[in-house]
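What follows is the residue order along each chain.
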Amino acid sequence: MSRNHDAVESGPAARVRALEELLARKGLVDSDSIDKLADTYERKVGPRNGARMVARAWTDAAYKKRLLADATAAATEMGFSGPEGGHLVAVENTDRVHNLIVCTLCSCYPWTVLGLPPVWYKSFAYRSHAVSDPRGVMRDFGLTLPDNVEVRVWDSSAEIRYLVLPKRPRGTDGLSEGELADLVTRDAMVGVAEVASPLRTGSRRSQA
Ligand code: FE
């Protein structure tokens, strides 16, 4: 993993680096291949694959049906497969149901469609509060859901990883699949945010 030696490392980062160095010294891992893997999922994959799947589901009803029936196959169909990508399940947000993804045990996450998990996803605070107080967690991210929306929390594991299919925002009727994909954020596909309408900034300002 790329390191900035000028920066002060936090406890977990320092422990990971020490562990990686020890394993490399013993010849059990190759630091170059770890760097390559991390770089691929951090920079090249990122959350853009998932965003493209969401945009396709918004514009292609048949694809959406396939995505909700078998997300692994729907990802593979678009060329997205690899480590940590099997047994993917897509859960759909609607006006009545909002889905939130967590891994209470560690940090299981769909790498092939969302890249590597953000630091907060791996934090104990998120992993515990997402279950005990999901609405509070979402509020911390700036998302307040109406009381009549049912919140479903999905606990990821090595066997099943989840992807949220967010609601398509208003004001996006004329947008292309590519333009729609640009609106979709990683946080929306984990469920701590909604996809913002491109109209929203203007209307908020005019209300202020
Ligand atoms: Fe995990």
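Residues numbered from 1 in each chain as written. Predicted model: local features only at pLDDT ≥ 70, side-chain atom pairs only at ≥ 80, totals over all residues. Heavy atoms only, no water.

A. Summary view of the overall build of the protein chain. When helices and strands are tallied, the protein chain shows 12 helices and 4 strands. Here the protein chain holds 208 residues, and the buried ones make up 35% of them. Element-wise, carbon and sulfur atoms account for 53% of the exposed surface of the protein chain, whose accessible area totals about 11900 Å². (Helix = DSSP H or I, 4+ residues; strand = E, 2+ residues; numbered from the N terminus. Buried < 20%, exposed > 50% of the residue type's maximum accessible area, 1.4 Å probe, protein only. Areas by Shrake-Rupley, 256 points an atom, 1.4 Å probe, with all protein chains shown as cover.)

B. Geometry of the coordination of the iron ion. Each protein donor to the iron ion is listed here as Cys 103 (SG), Cys 106 (SG), Ser 107 (N), Cys 108 (N) and Cys 108 (SG); together their distances run 2.1 to 2.7 Å. Coordination of the iron ion draws on donor residues from a single chain, spaced C-x2-C-S-C in sequence. (Donors = N, O, S within 2.8 Å, 3.2 Å for Na, K, Ca; no water.)

C. Inspection of the nonpolar core at higher detail. Counting residues in hydrophobic clusters, the biggest one holds 45 residues, and the most contacted among them are Met 53, Leu 67, Val 113 and Tyr 126. Ranked by residues supplied to this core, first place goes to helix α3 (residues 48-59) with 6 residues. Among residues more than four places away in sequence, those in contact with Leu 67 are Met 53, Ala 57, Ala 74, Ala 90 and Leu 165. (Core = buried A, V, L, I, M, F, W, Y, C linked by side-chain atoms within 4.5 Å. Contact = heavy atoms within 4.5 Å.)

D. Focus on the packing of α3 against helix α4 (residues 61-69). In contact at an axis separation of 5 Å, α3 and α4 are set at 125° when each is read in the N-to-C sense. Relative to α4, α3 is oriented oblique. At the point where α3 passes α4, the crossing takes the left-handed sense. Of the residues in α4, those touching α3 at Met 53, Arg 56, Ala 57 and Thr 59 are Ala 61, Tyr 63, Lys 64 and Leu 67. Per-class residue counts for the contact of α3 with α4 are 5 nonpolar, 1 polar and 2 charged. (Axes fitted to C-alpha atoms, helices over the stretch in contact; angles between N-to-C directions. Parallel < 35°, antiparallel > 145°, perpendicular 65-115°, else oblique. Left-handed = near helix turned anticlockwise from the far one by under 90°. Nonpolar A, V, L, I, M, F, W, Y, C, P; charged D, E, K, R; others polar.)

E. Region of the structure containing the pairing of strand β2 (residues 97-102). In terms of burial, β2 is largely enclosed, as 6 of its 6 residues are buried. Burial along β2 is two-sided: Val 97, Asn 99 and Ile 101 and His 98, Leu 100 and Val 102, pointing in opposite directions, are all buried. Bridging between β2 and strand β3 (residues 150-155) involves 6 bridges; their strand directions are parallel. By the bridge assignment, Leu 100 is partnered in β3 with Val 153. (Pairing = 2+ DSSP bridges.)

F. Examining the environment of Glu 159 more closely. Topologically, Glu 159 is positioned in the loop between β3 and β4 (161-165). Under the relative-accessibility criterion, Glu 159 is labelled exposed at 55%. It is 7.7 Å that separates the C-alpha atoms of Glu 159 and Gly 86, two residues lying 73 residues apart in sequence. With residues near it in sequence (within four places) discarded, Glu 159 still touches Gly 86 and His 87.

G. View of the side chain of Ser 197. Along the chain, the position of Ser 197 falls in the loop between α11 (186-190) and α12 (200-207). Among the residues examined, Ser 197 registers a relative accessible area of 13% and is labelled buried. Each residue touching Ser 197, except ones within four places of it in the same chain, is listed here: Pro 169, Arg 170 and Gly 171.

H. View of the packing of aromatic side chains. Within the structure shown, the criterion is met by 6 aromatic pairs. Residues Tyr 121 and Tyr 126 carry aromatic rings whose centres are separated by 5.8 Å and whose planes lie at 35° to one another, so their mutual orientation is tilted. Its relative accessible area of 4% is what places Tyr 126 among the buried residues. (Phe/Tyr/Trp six-rings, centres within 6.5 Å; stacked < 30°, edge-to-face > 60°.)

I. How the structure looks around α3. Its 12 residues place the ends of α3 17 Å apart at the C-alpha level, agreeing with the 16 Å of an ideal helix rising 1.5 Å per residue. Taken as a whole, α3 has its buried residues at Asn 49, Gly 50, Ala 51, Met 53, Val 54, Ala 55, Ala 57 and Trp 58. (Expected span 1.5 Å × (residues − 1).)

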